[in-house]
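For reference, the chains in residue letters:
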Amino acid sequence: MNPPAGIPPRPTADTADIVSAFTATFRREPSVVWSAPGRVNLIGEHVDYNGGPVLPFAIQHRCYLAAAPTGERTVTVRSAQFPADTTTADIADLRAAGDSPARRAGWGSYVLGVIWALGQVGVYVPGVDVLVDSSVPVGAGLSSSAALECAAVGAFCDLADADIEGPQRAVIAQRAENDFVGVPCGLMDQMASTCATAGHALLYDTYNHHKEQIPLNVSDDGYEFLIVDTGAAHGLVDGEYARRRTACEQAARLLGVKSLRLVADLGPQQSAHLITAITDTTLRHRARHVVTEIHRVHQAADALKHGDWPRLGTLMTASHNSLRDDFEVSSPQLDTAVQTLLNAGALGARLTGAGFGGSVVALIATTQTQTAAHAITTTFKNARYTTPTTTTAIPSQGAHRQTPHT
Ligand code: GLA
């Protein structure tokens, strides 16, 4: 969630690029290439660690990862984005780390973490050379780290000849991030990056693990999902994220339940009533966001299935307001982007991902996109904010092996 920011994304990365870069770097061809996408979350923010449902889709920006065994114990990880930066490790040390490895920072540790996490489920990756090339913007709240982890899990399973299904691969990727890198993220990003399908949003229930692919046919009606990357660094994210998580756990304990999801299941009225029993204002507001957000996800999934775009838009904006006021994870740039998009005619807009910076997703008529993008650029310029980037999100395929011509 917090790799080094500031490297502009490459607009595309593909198999031919990474094969030739790998060959130039390591003087031989890779034996396997995988890619995995970033994601945007339509709705269901900060609920994945509370047993709630989420509704993300995979985007067109992908992380490509090429690898070949070395025949020795060394792991070497390099990146086209950070050419001066090489991460190395000894396979034996990763194995010897047991189930509580020393935390390691830096982008390369996400790859080492995957080797470690695979070892924890009995999949032993050999010494390996790895090259990564990603077009997922870093620090934009679009899950560049999940894309890296999920591409790594796929490639390393191939090298170790392990046949592991998508959802379990996502859990292994999350374990790498939680226990090796030390970021207490939920499972949403890895599930989206691994299990999303092109043209669909993934409704994933983190409580009962139910998955449903919902067609995203907004373009049939002249709409699109626009992503505005505010370009604002979200330096606070890790500590604040952990604090939000702890607050939710405390609120659940006060209400005598294992997770706030169980409160939401009581329905809007009863859960709202129950939450008033939390006397601590901050905890009450955190819980109120989680519970109302879970209700909004159910309604949004329904709106999506019925092509009710105005309703979906209204729910997205309500989600943003709740994240801003009750969960307090927004920022001036995110609020400005949301308001500017709404003023420009978007049906709805909200911050996506952890917050504190990063991106906004909006549902907007394709005919209004240009005007909206222009309004965002002007408003940000006048406010002396970093120049934002605007992209139309294309619902894309989850992680997969690349064949030579893809
Ligand atoms: C980050 C985490 C996810 C999720 C979101 C907030 O992206 O990695 O697990 O908690 O924040 O919804």
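Counting restarts for each chain: residues are numbered from 1 in the order of the written sequence. The predicted nature of this model means local features are confined to residues of pLDDT at least 70 and side-chain atom pairs, given and counted, to a pLDDT of 80 or more, with totals for whole chains, interfaces and linings taken over all residues. To get the side-chain values, all heavy atoms of the structure are used, and hydrogens and water are removed first.

## Digging into the packing of helix α9 (residues 268-275) against helix α10 (residues 281-305)
To describe two helices that pack against each other, one gives the angle between their axes and the distance between the axes. Keep this limit in mind: All axes here are fitted lines through C-alpha atoms, helices being fitted over the stretch that makes contact, and every angle between N-to-C directions spans 0 to 180 degrees. Numbering goes from the N terminus for both helices and strands, where a helix is a DSSP run of H or I of at least four residues and a strand is a run of E of at least two. An angle counts as roughly parallel when it lies under 35 degrees, as roughly antiparallel when it exceeds 145, as roughly perpendicular when it falls between 65 and 115, and as oblique in every other case. Throughout, a residue-residue contact means that at least one pair of heavy atoms, one from each residue, lies within 4.5 Å. Gly counts as polar in this scheme, as do all residues outside two lists: the nonpolar Ala, Val, Leu, Ile, Met, Phe, Trp, Tyr, Cys and Pro, and the charged Asp, Glu, Lys and Arg.
Following both chains from N to C, one finds α9 and α10 inclined at 170°, their axes separated by 10 Å at the closest point. One way to sum up the angle between α9 and α10 is to call them roughly antiparallel. Contacts between α9 and α10 pair P268, S271 and I275 from the former with R284, A287, R288, V291 and H295 from the latter. Taken together, the residues that form the contact of α9 with α10 break down as 4 nonpolar, 2 polar and 2 charged.

## Focus: the confidence of the model for the chain
For clarity, the threshold we go by: Per-residue confidence from the predictor is given as pLDDT, running between 0 and 100.
Here the chain shows a mean pLDDT of 94. Residues at 70 or above account for 95%. Between residues 1-8, whose pLDDT stays under 50, and residues either more than four places distant or in other chains, the model counts 24 contacts.

## Let's talk about the pattern of salt bridges
Worth spelling out the cut-off: A pair is scored as a salt bridge if a Lys or Arg side-chain nitrogen falls within 4 Å of a carboxyl oxygen belonging to Asp or Glu.
Counted according to the given criterion, the structure contains 18 salt bridges. Put simply, R288 and D326 hold a salt bridge, and the shortest N to O gap is 2.8 Å. In this pair, R288 is assigned in helix α10 and D326 in the loop between α11 (309-325) and α12 (332-343), connecting sequence segments 38 residues apart. Residue E293 is joined to R296 by a salt bridge in which the shortest nitrogen-to-oxygen separation is 2.9 Å.

## What to know about the domain arrangement of the chain
The parts lose accessible area when they come together, and the size of an interface is often stated as this lost area. Short version of the rule: As annotated, the domain borders come from an automatic or database domain assignment. The term buried area means the drop in 1.4 Å probe accessible area that two parts suffer when joined, counted for both and summed.
By the assigned domains, the chain splits into domain 1 (15-198) and domain 2 (213-393). On a C-alpha basis, the centroid separation for the pair domain 1 and domain 2 is 27 Å. Each partner contributes residues to the interface: domain 1 has 33 residues there, and domain 2 has 44 residues. Interface of domain 1 and domain 2: buried area, both sides summed, is about 2900 Å²; carbon and sulfur atoms make up 65% of it. Its largest share of buried area at the contact with domain 2, domain 1 owes to L42, I43 and H46, together 23% of the area lost on that side.

## Some thoughts on the site of the ligand
The cut-off we apply is this: Each residue is tested against the molecule or strand, and it is near if at least one of its non-hydrogen atoms lies within 4 Å. Contacts described as polar in this section are N or O atom pairs within 3.5 Å, which, within protein, must combine one atom able to donate a hydrogen with one able to accept it, while residues neighboring in sequence count only if both atoms come from side chains. Under the convention used here, a 1.4 Å probe and the Shrake-Rupley method define accessible areas, while residue burial counts only the protein chains that appear.
The environment of the ligand is formed by 13 residues, the closest being E45, H46, D48, D189 and Y241. Note that an oxygen atom of the ligand is positioned 2.6 Å from one of the side-chain N or O atoms of E45. Within the side chain of Y241, one N or O atom sits 2.6 Å away from an oxygen atom of the ligand. Notes on the ligand: free accessible area 300 Å², of which the protein chains cover 98%. Considered class by class, the residues forming the shell around the ligand number 6 nonpolar, 3 polar and 4 charged. The two domains that each donate at least three residues to the shell around the ligand are domain 1 (15-198) and domain 2 (213-393).

## Let's talk about the pairing of strand β11 (residues 359-365)
Worth spelling out the cut-off: A 1.4 Å probe rolled over the protein chains alone gives each residue an accessible area, and that area as a share of the maximum for its type sets the label: buried under 20%, exposed over 50%, partly exposed in between. By this definition, two strands are paired if DSSP reports at least two bridges between them.
Most of β11 sits inside the fold, with 7 of its 7 residues counted as buried. Because side chains alternate across β11, one face comprises the buried residues S359, V361, L363 and A365, and the other comprises V360, A362 and I364, equally buried. Here 7 bridges tie strand β9 (residues 223-229) to β11, and the two strands are oriented antiparallel to one another. If you follow V228 over to β11, its bridge partner there is V360. Examined bridge by bridge, strand β10 (residues 348-352) and β11 share 5 bridges and lie antiparallel to one another. Note that in β11 the partner of A349 across the bridge is A362. The antiparallel pairing of β10 with β11 creates a hairpin that spans 6 residues between the two strands, and G353 there sits at a positive phi of about 90°.

## Notes on the environment of F82
Summarising the element assignment, F82 is placed in the loop between β4 (74-79) and β5 (87-90). The sequence separation of F82 and D133 amounts to 51 residues, and the corresponding C-alpha distance is 9.4 Å.

## Digging into the nonpolar core
A general tendency of soluble globular proteins is for nonpolar side chains to be buried together. As a reminder, the rule being used: Here, the term nonpolar core denotes a set of buried Ala, Val, Leu, Ile, Met, Phe, Trp, Tyr and Cys residues that are joined through side-chain atoms within 4.5 Å.
If you look at the biggest cluster of nonpolar residues, it comprises 121 residues, and the most contacted ones within it are L55, L118, F156, F225 and L341. Two domains each provide a minimum of three residues to this core, namely domain 1 (15-198) and domain 2 (213-393). Residues in contact with L55, not counting those within four places in the same chain, are N41, L42, I43, A201, L202, L203, I214, V297, A300, A301 and L304. Formed by 8 residues, the second largest nonpolar core is a distinct cluster that contains I18, F22, A68 and L131.

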